[in-house]
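Spelled out, the chains give:
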Amino acid sequence: MAFSSGFLNERIVIATRAEDKTSQFCKQGQAKYQVVGPIWANVTYSKGQKKLEEAAMDSLNTRLFRMRYHEWIDEWCLIKYHGKWHQISSCDGSQERNEMQITATAMPNQNVTIVEN
């Protein structure tokens with residue numbers, strides 16, 4: 001079942017890798033990205049997720065994005081939501097149902113390099 005227009009009520013920005021996707025720098029926010037444009041999605045907050053990192057508990061700020069299917073969105077993409085960049089951690093889509101479900105975590109380093117077309 002495809003999403004209804006009323007279900008997709010948040011505008012997000014998607015940025016794709018502008019360089020080779022094999023680089024490990026992508027997950028660290030050090031690669032270059034290219035903004036594809038705003039997309040309508042439904043966004044929910046996954047609260048209570050925490051991890052132990054260097055003896056300090058840090059909130060992961062994980063969010064769930066639901067949107068129409070886009071074949072070019074994958075684990076190398078970033079999502080900008082309310083001015084904050086998120087790295088996709090999982091991406092599940094169905095072209096037949098015209099829908100995607102993406103889990104993304106706010107990046108601690110917000111220095112993302114965006115290149116122009």
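To keep things clear, this report deals only with the structure shown in the data block. On a predicted model such as this, the values are computed, not experimentally measured, just so you know.

## Some words on the overall build of the protein chain
Here is step 1 of the chain: Summing up its helical and strand segments, the protein chain has zero helices and nine strands in all.
Here is step 2 of the chain: Walking the protein chain from its N terminus toward its C terminus, one meets helices and strands in the order β-β-β-β-β-β-β-β-β.
Here is step 3 of the chain: When burial is assessed residue by residue, the protein chain has 33% of its 117 residues classed as buried.
Here is step 4 of the chain: Long-range contacts, defined as pairs at least 24 residues apart, comprise 59% of the intrachain contacts of the protein chain with a sequence gap of at least 6.
Here is step 5 of the chain: For the protein chain, the accessible surface area stands at approximately 7,300 Å², while carbon and sulfur atoms represent 47% of it.

## Here's the deal with the environment of Val43
Here is step 1 of the chain: Within the secondary structure, Val43 is located in strand E2 (residues 32–46).
Here is step 2 of the chain: Residue Val43 is classed as buried on the basis of its relative accessible area of 14%.
Here is step 3 of the chain: Sequence spacing of Val43 and Asn9 is 34 residues, and the spatial spacing of their C-alpha atoms is 8.2 Å.
Here is step 4 of the chain: Once residues lying within four places of it in the same chain are set aside, the contact partners of Val43 are Glu10, Ile12, Arg63, Leu64, Phe65 and Tyr81.

## Brief notes about unusual backbone geometry
Here is step 1 of the chain: Residues other than glycine seldom take positive phi values, yet His82 does so here, at roughly 50 degrees.
Here is step 2 of the chain: When its relative accessible area of 65% is taken as the criterion, His82 is described as exposed.
Here is step 3 of the chain: Even without being glycine, Asn98 reaches a positive phi, approximately 55 degrees.

## So, the nonpolar core
Here is step 1 of the chain: By size, the foremost hydrophobic cluster in this structure holds 15 residues, and its most contacted members are Ile12, Phe65, Met67, Ile73, Ile79 and Ile102.
Here is step 2 of the chain: Contributions of two or more residues to this core are made by strand E1 (10–17), E2, strand E5 (62–67), strand E6 (78–81) and strand E8 (99–106).
Here is step 3 of the chain: Ranked by size, the runner-up nonpolar core spans seven residues in total, among them Ala15, Leu78, Met107 and Val112.

## What to know about the pairing of E8
Here is step 1 of the chain: Counting buried positions along E8 gives six out of eight residues, so the element sits mostly inside the fold.
Here is step 2 of the chain: Bridge count for strand E7 (residues 84–94) against E8 is eight bridges, and the pairing is antiparallel. From the neighbouring strand, His86 faces E8, where its bridge partner is Ala106.
Here is step 3 of the chain: Linking E7 to E8, which pair antiparallel, is a turn of four residues; within it Asn98 sits at a positive phi near 55 degrees.

## Examining the side chain of Thr16
Here is step 1 of the chain: With respect to the secondary-structure elements, Thr16 resides in strand E1.
Here is step 2 of the chain: The exposure class assigned to Thr16 is buried, which follows from its relative accessible area of 17%.

## Topic: the side chain of Ser94
Here is step 1 of the chain: With respect to the helices and strands, the residue Ser94 is situated in strand E7.
Here is step 2 of the chain: Judged by relative accessible area, which is 8%, Ser94 ranks as buried.
Here is step 3 of the chain: Every residue in contact with Ser94, bar those within four places of it in the chain, is listed here: Tyr69 and Glu99.

What counts and how
- Residues numbered from 1 in each chain as written.
- Predicted model: local features only at pLDDT ≥ 70, side-chain atom pairs only at ≥ 80, totals over all residues.
- Heavy atoms only, no water.
- Helix = DSSP H or I, 4+ residues; strand = E, 2+ residues; numbered from the N terminus.
- Buried < 20%, exposed > 50% of the residue type's maximum accessible area, 1.4 Å probe, protein only.
- Contact = heavy atoms within 4.5 Å.
- Areas by Shrake-Rupley, 256 points an atom, 1.4 Å probe, with all protein chains shown as cover.
- Core = buried A, V, L, I, M, F, W, Y, C linked by side-chain atoms within 4.5 Å.
- Pairing = 2+ DSSP bridges.

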